Amino acid sequence: MKTISHYLLLCVIAIVCVFPFWWTLVTALSTEGNIFAYPPTFWPKEPSLANFIEVFNTIPIWSFFRNSVFIALCTVFWKLVLCSAAAYPLARMQFKGRKLVFGLILATLVLPSEVNFLVNFITVTKLSLVDTYAGVILPNVVNAVAILLLKQAFEEVPQDLIDAARVDGASEWIIFSKIMLPLIAPWLATVGILTAVEAWNEYIWPSIVMSKPDEFPLSVGVLYLRGTFGSSTRVIAAGTVLTILPTLAAFLFTQRFFMRGMDGAVK
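Residues numbered from 1 in each chain as written. Predicted model: local features only at pLDDT ≥ 70, side-chain atom pairs only at ≥ 80, totals over all residues. Heavy atoms only, no water.

If you look the protein up in an unreviewed UniProt entry, it shows as ABC transporter permease subunit from Duganella alba. Database annotation for the protein, UniProt heading Subcellular location (unreviewed entry): "Cell membrane". (UniProt positions renumbered as here; feature names shortened; annotations may be inferred.)

(A) Examining the domain arrangement of the protein more closely. Domain boundaries assigned for the protein yield domain 1 (1–47) and domain 2 (58–264). The centre of domain 1, based on its C-alpha atoms, is set 31 Å off from the matching centre of domain 2. Across the boundary between the two partners, domain 1 contributes 12 residues, which contact 9 residues of domain 2. Its largest share of buried area at the contact with domain 2, domain 1 owes to Phe21, Thr24 and Ala28, together 54% of the area lost on that side. Linking domain 1 with domain 2 are 0 salt bridges, by the criterion used here. Counting across the interface, domain 1 meets domain 2 through 1 residue pair in polar contact (both at pLDDT 80 or more). Looking at the side of domain 1 that touches domain 2, its residues break down into 5 nonpolar, 6 polar and 1 charged. (Domains from an automatic or database assignment. Contact = heavy atoms within 4.5 Å. Buried area = accessible area lost by both parts, 1.4 Å probe. Salt bridge = Lys/Arg side-chain N within 4 Å of Asp/Glu carboxyl O. Polar contact = N/O pair within 3.5 Å; in protein donor to acceptor, adjacent residues only side chain to side chain. Nonpolar A, V, L, I, M, F, W, Y, C, P; charged D, E, K, R; others polar.)

(B) Inspection of helix H4 (residues 98–107) at higher detail. Of all the residues in H4, the buried ones are Arg98, Phe102 and Ile105. End-on, the buried residues of H4 take up no more than an arc of 55°, which puts them together on one face. Residues of H4 that are exposed and point over 90 degrees away from its buried face: Lys99, Leu100 and Leu104. As for H4, its buried residues are in contact with helix H3 (61–92) and helix H7 (144–156). (Buried < 20%, exposed > 50% of the residue type's maximum accessible area, 1.4 Å probe, protein only. Helix = DSSP H or I, 4+ residues; strand = E, 2+ residues; numbered from the N terminus. Arc of directions from axis to C-beta.)

Following this line, the structure appears as structure tokens:
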């Protein structure tokens, strides 16, 4: 009975999580009926791909897609580089003020990301990075969560391994790049997956920084489906599904790395 109750609870949670996406998919595939009817329809009426075709005819979705891929890849690369470089000394080096620095980094977790928008926008403006990909990417390449996860990963590596490398004459850079980073690869994959999903779904910050439509990421470009004088909810739903599918597919193919990173990298 305990096992059955656990599975029932998991099924309820799964239904709650999946329902918004399923309702959006049903709306995108439907061509008839009131989409706001109550009780809602759980299966498309007269299913068709016409709404998806309309998305491709209305907006340059492939251009938006390329922009999103570029922004996501650059964000992932620089976050892994910078956050790992910040996490390693916090985990393995002894220096004055280390706990204070780490405490200040953790303190940023209590602030919502929207609080930083004004400061980031002023900084990006002063650096003349408005309407550039760098202006979208730079404010997101370092955060406390990534540093915390990678710090924990570095701390799980046995100290004896590091001491042996130092006895053999390895420099701190060699230890970091050739020993530590390969050992925490699952954790790096976890941070990379989370960062890719976050960068792909980012909407508010790119819409603030960028004004050139040809440089919009997909999350912002889909708004062009909402016309000035009217819009089709079904077409907007189809565009939303096309935005979600890449991240969903990427997670399905990389979930084993994600789970290994969450369980721990070093045995």
